[in-house]
Amino acid sequence: TVTALFATDFPTGKFKDLNPHDLSTDAIGGGAFVFTPGFNLSKYISPFIVYANVWYSLQTSYTDDEGSQYPGDFVTVNLAAEYPITEKWIALLELTSYWGGGRLFGPSSNVPRQSLVSVVPGIEYMATDKFSVAAGVNIDIAGKNNDAAISPILSMVYAF
């Protein structure tokens, strides 16, 4: 399966007029629109189902308390595999990453480039043909100008 996509992220949260007494903990969003074209690929290679996402994201300029910001574009590359253990249980493994770069359009970036590579092991339970639950943990393993974290993940899918 090959899927082409286009996504738009809107600026959210507070990114201006921050309270200095909060030590930037009140900064909960970014001021940029993000436009992302990309491709999602999947293939059954017995006994695995493998997936790949390749996206290019362009961010707009914005103004915050420090002045005009020109964040760089970034590339997202994700690779994943599913292995059916039984009819109902599926093992999951995903490698996620994004890589910051320069800008295709507008002024040169004045924001530090960021990158992050993470691994996500998990397990999925197919309760019915239409409903599944997956649990795992996101482990950040390498990056630049970014915080590392270990984050639990729980997702539910219902197909109509």
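Above this text is the structure in question.
Residues numbered from 1 in each chain as written. Predicted model: local features only at pLDDT ≥ 70, side-chain atom pairs only at ≥ 80, totals over all residues. Heavy atoms only, no water.

### A few points about the pairing of strand β10 (residues 150-158)
Put simply, the rule is: Two strands are counted as paired when DSSP detects at least two bridges linking them. A run of DSSP states H or I qualifies as a helix once it reaches four residues; a run of E qualifies as a strand once it reaches two. Both are numbered from the N-terminal end.
As judged from the 9 bridges shared by strand β9 (residues 131-144) and β10, these two strands associate in the antiparallel manner. Residue pairing across strands places Phe131 opposite Tyr158, the latter belonging to β10. Remark: 5 residues form the turn of the hairpin made by β9 and β10, two consecutive strands paired antiparallel; Asn145 in that turn has positive phi of roughly 55°.

### Here we look at the pairing of strand β7 (residues 89-100)
Relative to β7, strand β6 (residues 74-84) runs antiparallel, the two being bridged by 9 bridges. Counterpart to Thr76 in the pairing with β7 is Tyr98. Between β6 and β7, which follow one another and run antiparallel, lie 4 residues. Bridge analysis of β7 against strand β8 (residues 115-126) gives 11 bridges, and the strand direction is antiparallel. Looking across to β8, one finds that Glu94 is bridged to Val120.

### Some words on the sheet that holds strand β3 (residues 48-59)
Using the following cut-off: Only the contacting stretch of a helix is used when fitting its axis, a line to C-alpha atoms as for every element, and angles between N-to-C directions run 0 to 180 degrees.
Sheet architecture is open: 8 strands sit in the order β1-β2-β3-β6-β7-β8-β9-β10, paired in antiparallel fashion. The outermost strands of the open sheet, each flanked by one partner alone, are β1 (2-9) and β10. Averaged over neighbouring strand pairs, the angle between their axes works out to 20° when direction is ignored. Across 10 bridges, β8 lies against β9 in antiparallel orientation. Bridged to Ser115 within β9 is Lys144.

### Let's talk about the layout of surface pockets
Our working definition: Detection works on a 1 Å grid of protein atoms alone, calling trapped sets that fit a 1.4 Å probe cavities and calling open sets with protein on both sides within 12 Å along at least five of seven lines pockets, with lining residues defined by an atom within 4 Å of a point. Grid points are joined across faces, edges and corners, and a volume is the space filled by probe spheres set on the points. Only Asp, Glu, Lys and Arg are considered charged in this grouping, and only Ala, Val, Leu, Ile, Met, Phe, Trp, Tyr, Cys and Pro are considered nonpolar; every other residue, Gly among them, is considered polar.
Computed from the structure, the second largest pocket encloses a volume of approximately 480 Å³. What lines the second largest pocket is a set of 24 residues, among which Ala80, Glu82, Leu92, Glu94 and Ala134 lie closest to the centre. Taken together, the elements giving at least two residues each to the lining of the second largest pocket come down to β3, β6, β7, β8, β9 and β10. The class makeup of the residues in the lining of the second largest pocket is 15 nonpolar, 6 polar and 3 charged.

### Some remarks on the packing of aromatic side chains
As a reminder of what qualifies: Note on aromatic contacts: the rings of Phe and Tyr and the six-membered ring of Trp form a pair at centre separations within 6.5 Å, being stacked when their planes are under 30 degrees apart, edge-to-face when over 60 apart, and tilted otherwise.
Taken as a whole and assessed by the stated rule, the structure comprises 7 aromatic pairs. Pairing Phe74 with Tyr98 gives two aromatic rings, centres 6.0 Å apart and planes at 65°, and the pair type is edge-to-face. One end of the pair, Phe74, is in strand β6; the other, Tyr98, is in strand β7, and 24 residues separate them in sequence. With a centroid separation of 5.2 Å and 80° between ring planes, the pair formed by Tyr158 and Phe160 is classed as edge-to-face. Counting every residue linked through ring pairs, the aromatic cluster contains Phe6, Phe10, Phe33 and Phe35.

### Observations regarding a nonpolar patch on the surface
Quick note on the threshold: Patch membership requires over 30% relative accessible area and the absence of a salt bridge. Like charges are linked within 9 Å, and nonpolar side chains (Val, Leu, Ile, Met, Phe, Trp, Tyr) within 5 Å. Only the protein chains shown count as cover for residues, and the accessible areas themselves come from Shrake-Rupley with a 1.4 Å probe. Take a side-chain nitrogen of Lys or Arg and a carboxyl oxygen of Asp or Glu: if they are within 4 Å of each other, that pair is a salt bridge. Three exposure classes are used, based on accessible area relative to the maximum for each residue type with a 1.4 Å probe and protein chains only: buried under 20%, partly exposed in between, and exposed over 50%.
Together, Phe48, Tyr83, Ile85, Trp89, Ile123 and Tyr125 give the surface a local cluster of nonpolar side chains, amounting to about 550 Å² of exposed area. Relative to the elements of secondary structure, Trp89 occurs in strand β7. Trp89 sits in the partly exposed class, given a relative accessible area of 40%.

Geometric descriptors of this kind do not, in isolation, establish any biological role.
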